[in-house]
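# Structural characterization, general
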Amino acid sequence: MSYLTQTTLALDETAEVIDSLRDTFPKLREPDSEDICYATTNRQNALSAVADEADLVLVVGSTNSSNSVRLVELAHRRGKPRT
């Protein structure tokens with residue numbers, strides 16, 4: 001059993017899925033390298049670092065961009081309202 005993830009997935013949700021897979025499949029094979037792209041990882045980590053201290057998170061991006069949508073979802077999970 002092995003897995004790959006889509007590059008625009010939310011990092012925290014992906015980690016939960018991978019942890020569940022590891023629990024279910026102890027011999028799970030992982031990719032040789034991180035399959036979530038560097039830019040996506042950077043943006044999500046940056047948002048995670050400041051979200052708890054921010055009153056508002058404003059995501060500037062296209063409404064049909066997976067990366068923008070993931071950032072909005074991450075902010076919402078951190079307690080920020082969707083507008």
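## Details of the overall build of the protein
Along its length, the protein carries three helices and zero strands. Put simply, the protein runs from its N terminus to its C terminus through helices and strands in the order α-α-α. In terms of its C-alpha atoms, the protein occupies a principal-axis envelope of roughly 45 × 20 × 20 Å. By the burial criterion, 28% of the 83 residues in the protein qualify as buried. The contacts in the protein between residues at least 6 apart in sequence include a share of 71% that link residues at least 24 apart. On the protein, roughly 6000 Å² of surface is accessible, and the fraction owed to carbon and sulfur atoms is 52%. Averaging the locations of the 9 positively and 13 negatively charged side chains of the protein gives two centres separated by 3 Å.

## Remarks on the nonpolar core
Grouped together as the largest cluster of nonpolar side chains are seven residues: L47, A51, A54, V57, L71, L74 and A75. Among the elements of the structure, α2 (38-51) and α3 (66-77) are those that each provide at least two residues to this core. Among the elements that line this core, the one with the most residues is α3, at three residues. Excluding residues within four positions of it along the chain, A51 makes contact with R78 and K80.

## Considering the confidence of the model for the protein
Put simply, the protein has an average pLDDT of 84, and 93% of its residues get 70 or more. Mean pLDDT per element in the protein: α2 is the minimum at 85, and α3 is the maximum at 90.

## Here we look at the pattern of salt bridges
All told, the structure shown has six salt bridges when counted by the stated rule. Here R77 and D12 are joined by a salt bridge, their closest N and O atoms 2.6 Å apart. Of this pair, R77 sits in helix α3 while D12 sits in helix α1 (residues 11-24), and the two are 65 residues apart along the sequence. Across the salt bridge formed by R70 and E73, the nearest N and O atoms sit 2.9 Å from each other. A residue pair is termed a helical-turn pair when its members lie 3 or 4 positions apart in one helix, as R70 and E73 do in helix α3 at three residues. One salt-bridge network, held together by shared partners, links D12, E13 and R77.

Quick notes on the rules
Residues numbered from 1 in each chain as written. Predicted model: local features only at pLDDT ≥ 70, side-chain atom pairs only at ≥ 80, totals over all residues. Heavy atoms only, no water. Helix = DSSP H or I, 4+ residues; strand = E, 2+ residues; numbered from the N terminus. Buried < 20%, exposed > 50% of the residue type's maximum accessible area, 1.4 Å probe, protein only. Contact = heavy atoms within 4.5 Å. Areas by Shrake-Rupley, 256 points an atom, 1.4 Å probe, with all protein chains shown as cover. Lys, Arg positive; Asp, Glu negative; His and termini not counted. Charge placed at Lys NZ, Arg CZ, Asp CG, Glu CD. Core = buried A, V, L, I, M, F, W, Y, C linked by side-chain atoms within 4.5 Å. pLDDT = per-residue confidence, 0-100. Salt bridge = Lys/Arg side-chain N within 4 Å of Asp/Glu carboxyl O.

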